[in-house]
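The lines below spell out each chain.
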Amino acid sequence: QVQLVESGGGLVQPGGSLRLSCEASGFTFSSYAMRWFRQAPGKERELVALITSAGGLTNYADSVKGRFTISRDNAKNTVYLQMNSLKPDDTAVYYCNTQLKFLDYWGQGTQVTVSS
């Protein structure tokens, strides 16, 4: 079955960096676009970044452009989110996502907390 397992979250000071990873299994990873979402307390889940199947195209929410970078390694079935210049507003649970045959699949999420 489809599994998405995120890792790499934690507590970081404002201005710091983190790299999230999402390891996928149960489907042909290299054939599907991948996305990172986040959900802050009391807010709706929002799309942060996406990357096409071969990695040729990426897109970002305006709030993270220039600070976050999504990438993938199809040989390792893994998608990454490099987060730089982190702000307190980036505090959220970050989720990996893919859509197969119009069904959404999610990981369990990883907590990112930006605080001094």
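The structure displayed is predicted, hence computed values, not measured ones.

## Considering the pattern of salt bridges
Going through the model one piece at a time under the given rule, you end up with 4 salt bridges. A salt bridge links Glu46 to Arg38; the shortest N-O distance between them is 2.6 Å. For Glu46, a relative accessible area of 33% gives the class partly exposed.

## Section: the sheet that holds strand β7 (residues 68-73)
The antiparallel open sheet is built from 4 strands, whose spatial order is β1-β3-β8-β7. Of all the strands in the sheet, the pair left with one neighbour each is β1 (3-7) and β7. Here the average twist between neighbouring strands, direction ignored, is 15°. Direction of pairing for β7 relative to strand β8 (residues 78-83): antiparallel, over a ladder of 6 bridges. Each residue of the ladder has a partner; that of Asp73, found in β8, is Thr78.

## Focus on the pairing of β7
Burial along β7 is one-sided: Phe68, Ile70 and Arg72 are buried, while Thr69, Ser71 and Asp73, pointing the other way, are not. Connecting β7 to the antiparallel partner β8 that follows it, the hairpin turn spans 4 residues, and Asn77 within it adopts a positive phi of roughly 50°.

## What to know about unusual backbone geometry
Even without a glycine there, the phi angle at Lys101 is positive, about 50°. Its place among the elements puts Lys101 in the loop between β9 (92-100) and β10 (103-106). With relative accessibility at 75%, the residue Lys101 sits in the exposed group. Even without being a glycine, Phe102 presents a positive backbone phi close to 70°. Within the element layout of this structure, Phe102 appears in the loop between β9 and β10.

## Here we look at the state of the cysteines
The tally for this structure, following the rule as stated, stands at 1 disulfide. Cys22 shares a disulfide with Cys96; S-S distance 2.1 Å. Classification of the bridge connecting Cys22 and Cys96 rests on its S-S torsion, roughly -80°, and on that basis the disulfide is left-handed. Note that Cys22 is positioned in strand β3 (residues 18-25) and Cys96 in strand β9, a separation of 74 residues in sequence. For Cys22, a relative accessible area of 0% gives the class buried.

Reading the values: rules and limits
In this convention, every chain numbers its residues from 1, walking through the sequence in written order. Given that this is a predicted model, residues contribute local features only at a pLDDT of at least 70 and side-chain atom pairs are listed and counted only at 80 or more, while totals for whole chains, interfaces and linings are drawn from all residues. Calculation of side-chain values draws on the structure's entire complement of heavy atoms; hydrogens and water are dropped beforehand. In the sections that follow, a salt bridge refers to a side-chain nitrogen of Lys or Arg positioned within 4 Å of a carboxyl oxygen of Asp or Glu. Only protein chains enter the area calculation, which uses a 1.4 Å probe; residues under 20% of their type maximum are buried, those over 50% are exposed, and those in between are partly exposed. DSSP calls a pair of strands paired once it identifies at least 2 bridges connecting them. Secondary structure elements follow DSSP: runs of H or I no shorter than four residues count as helices, runs of E no shorter than two count as strands, and numbering proceeds from the N terminus. The axes used here are C-alpha line fits, helices contributing only the stretch in contact, and every angle between their N-to-C directions lies in the interval 0 to 180 degrees. The term disulfide is used for any two cysteine sulfur atoms that are within 2.5 Å.

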